[in-house]
Amino acid sequence: MAIAAGGVRLLVFCAAGTPDGAPHSIVARERKPAKAGWRAAAARLYTAAFPRGTSRVPEPSTRAMTERTFSIIKPDATARNLTGKINAVIEDAGLRIVAQRRIKMSRQQAEKFYEVHKERPFYGELVEYMTSGPVVVQVLEGDNAVAKYREVMGATNPAQAAEGTIRKLFAESIQNNSVHGSDSQDNAKLEIAQFFKDEDIAG
Ligand code: ADP
Ligand code: MG
């Protein structure tokens, strides 16, 4: 208690300054708080920060969730040497690139990756395109990373993508649209696992 009170006196001493040029020792003596005054001061601060009835921890619904999502910089973008420019947009949006590897996708990898689109008319061409040149596979981390990256990428068709999005800035067509991003947390986990081992990701 004596040590705590002494500490508070020292704090007041340091913070008070001497606007009128009086020696510090005098200021310190004159502003010496009443015994146990530090307890009241702390209580006042606490009440001001957390008024009665307010929650001390944000509600789960308003708390941002740190997540990971899977990203691919596609062949049209690597062909135009855009990896750095796309990464800059990703990082400027507050997402962290916690794993990254440049690969040439095999037909088997591309077919497995886009299996959900197997019945779509563009599936064959999509697999051809994804294996036509190098891609950069990535894991991105950040608050609400899945939804945030979808926003940063923009609409599938660049003609409908919002200003400032990666696809608006760089995509060539609905197929050659520069980037992939997971569409759900479950798919993000599956897609990350297809290309990265846990030890290759450094968050
Ligand atoms: P997103 O990549 O925005 O999640 P989809 O999952 O619907 O879009 O499609 C996967 C990929 O297939 C697209 O990113 C694009 O490269 C290609 N694609 C989608 N629609 C078409 C289309 N109508 N014609 C050609 N390619 C397409
Ligand atoms: Mg998709």
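Residues numbered from 1 in each chain as written. Chains lettered and ligands numbered in written order. Predicted model: local features only at pLDDT ≥ 70, side-chain atom pairs only at ≥ 80, totals over all residues. Heavy atoms only, no water.

Draft legend 1. Representation of the site of ligand 1. Neighbouring ligand 1 are the residues K74, Y114, H117, F122, L126, R150, T156, R167, I174, Q175 and N177. Measuring from an oxygen atom of ligand 1, one finds a side-chain N or O atom of N177 at 2.9 Å. Isolated, ligand 1 exposes 530 Å² of accessible area, and the fraction of that covered by the protein chains is 79%. Placement of ligand 1 is best described as lying within the largest pocket. A breakdown of the residues in the shell around ligand 1 according to their chemical character gives four nonpolar, four polar and three charged. (Near = heavy atom within 4 Å. Polar contact = N/O pair within 3.5 Å; in protein donor to acceptor, adjacent residues only side chain to side chain. Areas by Shrake-Rupley, 256 points an atom, 1.4 Å probe, with all protein chains shown as cover. 1 Å grid on protein atoms, 1.4 Å probe; cavity = no way out; pocket = protein on both sides within 12 Å on 5 of 7 lines; lining within 4 Å. Sits in = over half its atoms within 2 Å of the grid points. Nonpolar A, V, L, I, M, F, W, Y, C, P; charged D, E, K, R; others polar.)

Draft legend 2. Layout of the pattern of salt bridges. Taken as a whole, this structure holds six salt bridges when the rule is applied. Between E172 and R80 there is a salt bridge whose closest N-O contact spans 3.4 Å. One end of the pair, E172, is in the loop between α9 (166-170) and β4 (179-181); the other, R80, is in the loop between α4 (75-79) and α5 (83-92), with 92 residues separating them in the sequence. Here the salt bridges share partners, and the residues they tie into one network are D76, R80 and E172. (Salt bridge = Lys/Arg side-chain N within 4 Å of Asp/Glu carboxyl O. Helix = DSSP H or I, 4+ residues; strand = E, 2+ residues; numbered from the N terminus.)

Draft legend 3. Focus on the layout of surface pockets. In this structure, the largest pocket encloses a volume near 710 Å³. Lining of the largest pocket is provided by 26 residues; of these, Y114, V116, H117, L126 and H180 occupy positions nearest its centre. Of all the secondary structure elements, the ones that give two or more residues to the lining of the largest pocket are α6 (107-113), α7 (123-130), α8 (145-153), β4 and α10 (185-195). Top contributing element to the lining of the largest pocket by residue count: α10, with four residues. Of the residues that constitute the lining of the largest pocket, the class distribution is nine nonpolar, eight polar and nine charged. Each pocket or cavity is described by its volume, and for the second largest pocket that value is around 190 Å³. Contributing to the lining of the second largest pocket are E67, R68, V146, Q185, A188, K189, I192, A193, F196, K197, D198 and I201. Contributions of two or more residues to the lining of the second largest pocket are made by β1 (66-73) and α10. The biggest single contributor to the lining of the second largest pocket is α10, with five residues. Per-class residue counts for the lining of the second largest pocket are six nonpolar, one polar and five charged. (Points joined across faces, edges and corners; volume = space filled by probe spheres on them.)

Draft legend 4. Highlighting the nonpolar core. Counting residues in each nonpolar core, the largest one holds 21 residues, and the members touching the most others are F70, I72, M105, M130, V137, F195 and F196. Where this core is concerned, the elements lending two or more residues are β1, β2 (96-103), α6, α7, β3 (135-143) and α10. If one sorts the elements of this core by residue count, α7 sits on top with five residues. In terms of nonpolar packing, the next biggest core, distinct from the first, is built from 16 residues, V89, L95, L140 and M153 among them. (Core = buried A, V, L, I, M, F, W, Y, C linked by side-chain atoms within 4.5 Å. Buried < 20%, exposed > 50% of the residue type's maximum accessible area, 1.4 Å probe, protein only.)

Draft legend 5. Here's a closer look at the sheet that holds β3. The sheet built from four strands is open, its strands ordered β2-β3-β1-β4 with antiparallel pairing. Unpaired on one side and paired on the other, β2 and β4 mark the two borders of the sheet. Here the average twist between neighbouring strands, direction ignored, is 20 degrees. The sheet contact formed by β2 and β3 spans seven bridges and is antiparallel. If you follow I103 over to β3, its bridge partner there is V135. Each of β1, β2, β3 and β4 is contacted by α5, which is oriented at about 160 degrees to β2, the strand it contacts most. (Pairing = 2+ DSSP bridges. Axes fitted to C-alpha atoms, helices over the stretch in contact; angles between N-to-C directions. Contact = heavy atoms within 4.5 Å.)

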